[in-house]
Number of protein chains: 2
Amino acid sequence: MILSKTTEYALNVLSFMATRNKEMYPAEYLYKELKIPRQYLRRLLTDLSRKGFITSIRGRNGGFVFSRDLSSINFAQVIEAMEGQEAMKTCLLGFTACIIDHPCVMHDLWTEARSKMIETLTNTSLADLKNKYEMDKDTIAQLNNSLIH
Amino acid sequence: MILSKTTEYALNVLSFMATRNKEMYPAEYLYKELKIPRQYLRRLLTDLSRKGFITSIRGRNGGFVFSRDLSSINFAQVIEAMEGQEAMKTCLLGFTACIIDHPCVMHDLWTEARSKMIETLTNTSLADLKNKYEMDKDTIAQLNNSLIH
DNA sequence: TTAAATTACTACAAAAAGGTAGCATTTATA
DNA sequence: TATAAATGCTACCTTTTTGTAGTAATTTAA
Ligand code: FES
Ligand code: FES
C-alpha cells in the first residue's frame, strides 16, 4: 500500500522532470525544488540513470535528462524498477506464501481492485502526465483571464 | 504498494483466525500454523488485542479470541490500525507534500483506481472472508464427491 | 590553464523495522 | 498447593532503509 520513501522520491523526481520544459536538470536544481535530502537525491539520480530512465551528463552545465521518450515510461515500470519485480507481480497484500501454496481466502475478492490499479499504473505514461499538466495550466490561465476581464 | 511485513502478518493472523472455527487461538498454535517468528508474533498478538480486534485470555487454556463480531472488522480498518491513519487517507502513492500544497499531477489520474481499492478493502469484512472460505470448501467437497462416484 | 560547476563513488551514521531471549504474571487443574 | 500452559513485558540484537560527508573525476568556459 505504501511505497518506500525512495520509490516516492523517484516518482516525484521523474514527474517533476516530465512536466517542466527544461533542457537539463542538475541535481542541485532538483534538490531546491523538491527538498529531497541532497546527497540521497544524488544517489537516487545515479540509480535512475543506471536503470535507464535518465542519462547523466557530467561536468559544467551537466545534469540529467530523460534518456528515452516520455511516452515509453509508465508508473508501473518505475515502481517495479525501484521495488523489485516482485512488487507488481505478487498480490498487493503481499501474501507471497499463499501464492506458492494455494491462493489465500482474500485472493479472489482482491483481484479486481488490484488489476484496476496495475492497469492505471501501466497505462499512465509520463507523457500523459505532461499533457494533463499542460491542459490544467491552460484551464487556469483562461479562468484567470475571464476573472480579470 | 507494499504493506509492511508486520501488516501482512496481522492480516494473515486475523484471516486465519476468522476462517477456522476454533474457540481459542493460543500464540503457539498460530506460530505452528503460520510460521511467523514466534516472539514477533506474540508481540503482534498483544498489539492486535490492544487495538481492539482480539482479546487475550491469560493463564492455562488461554489464548486469543475475536473481541467483536467478524462482520464489524474490515481490511481497511486493520491496515489503518497497523500502518497509521495516514496510510489510507493520503494518496496511495504517498505524495503527502503535494496534498498540503496542491494536488500533484498524478493525483487525478490516480483517484479512480485508488478509491476502487479502498472501497474493496472497506467493504470486505472478516465475515465475508469466512463465508467465501466455507463456500469454497463446499464446492471442493462436492467436486471430490462427483469424481469418486 | 585554471577555476567553477557538475556527476561518481565510497564510507560512514542514524533511524526504522524486524526478530530474539528471558523472566514475570496469570490461570486451570491434577 | 504445585505445576503446566498460557500471556505480558522489557531489553537487546540484526537487518534494512534513509541520510550525511567528503573526495575524485569530468567538462565547460573565462
Ligand atoms: S494470494 Fe492474493 S491475497 Fe492471498
Ligand atoms: S496528491 Fe495524489 S498523487 Fe499527488
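Provided above is the structure to which this section pertains.
Rules of the game
- Residues numbered from 1 in each chain as written.
- Chains lettered and ligands numbered in written order.
- Predicted model: local features only at pLDDT ≥ 70, side-chain atom pairs only at ≥ 80, totals over all residues.
- Heavy atoms only, no water.
- Near = heavy atom within 4 Å.
- Polar contact = N/O pair within 3.5 Å; in protein donor to acceptor, adjacent residues only side chain to side chain.
- Helix = DSSP H or I, 4+ residues; strand = E, 2+ residues; numbered from the N terminus.
- Nonpolar A, V, L, I, M, F, W, Y, C, P; charged D, E, K, R; others polar.
- Contact = heavy atoms within 4.5 Å.
- Axes fitted to C-alpha atoms, helices over the stretch in contact; angles between N-to-C directions.
- Parallel < 35°, antiparallel > 145°, perpendicular 65-115°, else oblique.
- Left-handed = near helix turned anticlockwise from the far one by under 90°.
- Buried < 20%, exposed > 50% of the residue type's maximum accessible area, 1.4 Å probe, protein only.
- Salt bridge = Lys/Arg side-chain N within 4 Å of Asp/Glu carboxyl O.
- Arc of directions from axis to C-beta.

As a further point, take the protein's contact with DNA strand C. Every one of the 26 residues lining DNA strand C counts as a neighbour, but A:Ala27, A:Arg42, A:Ser56, B:Thr6 and B:Tyr9 are closest to it. Backbone sugar and phosphate groups make up 54% of those atoms of DNA strand C lying within 4 Å of the protein. Residue A:Arg50 places a side-chain N or O atom 3.2 Å away from a phosphate oxygen belonging to DNA strand C. A distance of 3.4 Å separates a base nitrogen of DNA strand C from a polar atom in the backbone of A:Arg60.

Right, let's talk about the protein's contact with DNA strand D for a bit. Lining the immediate environment of DNA strand D, one finds 26 residues, of which A:Lys5, A:Thr6, B:Ala27, B:Thr46 and B:Ser56 sit closest. Near the protein, meaning within 4 Å, the atoms of DNA strand D are sugar or phosphate in a fraction of 61%, with bases accounting for the rest. Interatomic distance of 3.3 Å between a side-chain N/O atom of A:Arg58 and a base nitrogen of DNA strand D. B:Arg60 places a main-chain nitrogen or oxygen 3.4 Å from a base nitrogen of DNA strand D. Those elements that place two or more of their residues in the surface near DNA strand D are helix 1 (5-19) and helix 3 (38-50) of chain A together with helix 3 (38-50), strand 1 (54-57) and strand 2 (63-66) of chain B. If you tally residues by element for the surface near DNA strand D, the top one is helix 3 of chain B, at four residues. The class makeup of the residues in the surface near DNA strand D is seven nonpolar, 10 polar and nine charged.

All names here are of chain B. Secondary-structure assignment places asparagine 74 in the loop between strand 2 and helix 4 (75-83). Reaching out from asparagine 74, the side chain makes a polar contact with the backbone nitrogen of alanine 76 at a distance of 3.0 Å. Leave out the neighbours within four places in its chain, and asparagine 74 touches Leu121, Thr122, Thr124 and Ser125.

A few words now on the packing of helix 2 (residues 27-34) of chain B against helix 3 of chain B. Residue and element names in this part refer to chain B. It is at 10 Å that the axes of helix 2 and helix 3 come closest, and there the two elements cross at 125°. What the angle tells us is that helix 2 and helix 3 run oblique. The way helix 2 lies across helix 3 gives a crossing that is right-handed. Across the interface between the two elements, Ala27, Glu28, Leu30 and Tyr31 from helix 2 touch Arg38, Leu41, Arg42 and Leu45 from helix 3. Its residues placed into classes, the contact of helix 2 with helix 3 shows five nonpolar, no polar and three charged.

Our next topic: the environment of A:Arg20. All names here are of chain A. Within the secondary structure, arginine 20 is located in the loop between helix 1 and helix 2 (27-34). With a relative accessible area of 30%, arginine 20 lands in the partly exposed category. Spatially, the C-alpha atom of arginine 20 lies 9.4 Å from that of tyrosine 133, the residues being 113 residues apart in sequence. Excluding anything up to four places from it in sequence, arginine 20 contacts Tyr25 and Tyr133.

Residues and elements named next belong to chain B. Per the stated rule, a full pass over the model turns up four salt bridges over all chains. Linking arginine 38 and glutamate 28 is a salt bridge whose minimum nitrogen-to-oxygen distance equals 2.9 Å. Taken together, the residues span a long stretch of sequence, with arginine 38 in helix 3 and glutamate 28 in helix 2 at a distance of 10 residues. Judged by its relative accessible area of 38%, arginine 38 falls in the partly exposed class. Note on glutamate 28: relative accessible area 31%, which makes it partly exposed. As a salt-bridge pair, aspartate 47 and lysine 51 come within 3.0 Å of each other at their nearest N and O atoms. Its relative accessible area of 23% is what places aspartate 47 among the partly exposed residues.

Residue and element names in this part refer to chain B. Along helix 4, the residues classified as buried are Phe75, Ala76, Val78, Ile79 and Met82. Here the buried residues of helix 4 occupy an arc of 160° about the axis, which is enough to place them on one side. Where helix 4 begins, the capping side chain belongs to asparagine 74, and its oxygen is found 3.0 Å from the backbone nitrogen of alanine 76. Backbone geometry just downstream of helix 4 places glycine 84 in the positive-phi region, at approximately 95°.

So, about the packing of helix 1 of chain A against helix 3 of chain A. Residues and elements named next belong to chain A. In contact at an axis separation of 11 Å, helix 1 and helix 3 are set at 75° when each is read in the N-to-C sense. Accordingly, the angle class assigned to the pair helix 1 and helix 3 is roughly perpendicular. Contact with helix 1, carried on its side by Thr6, Tyr9, Ala10, Val13 and Leu14, involves Tyr40, Leu41, Leu44, Leu45 and Leu48 of helix 3 and no other residues of that element. Taken together, the residues that form the contact of helix 1 with helix 3 break down as nine nonpolar, one polar and no charged.

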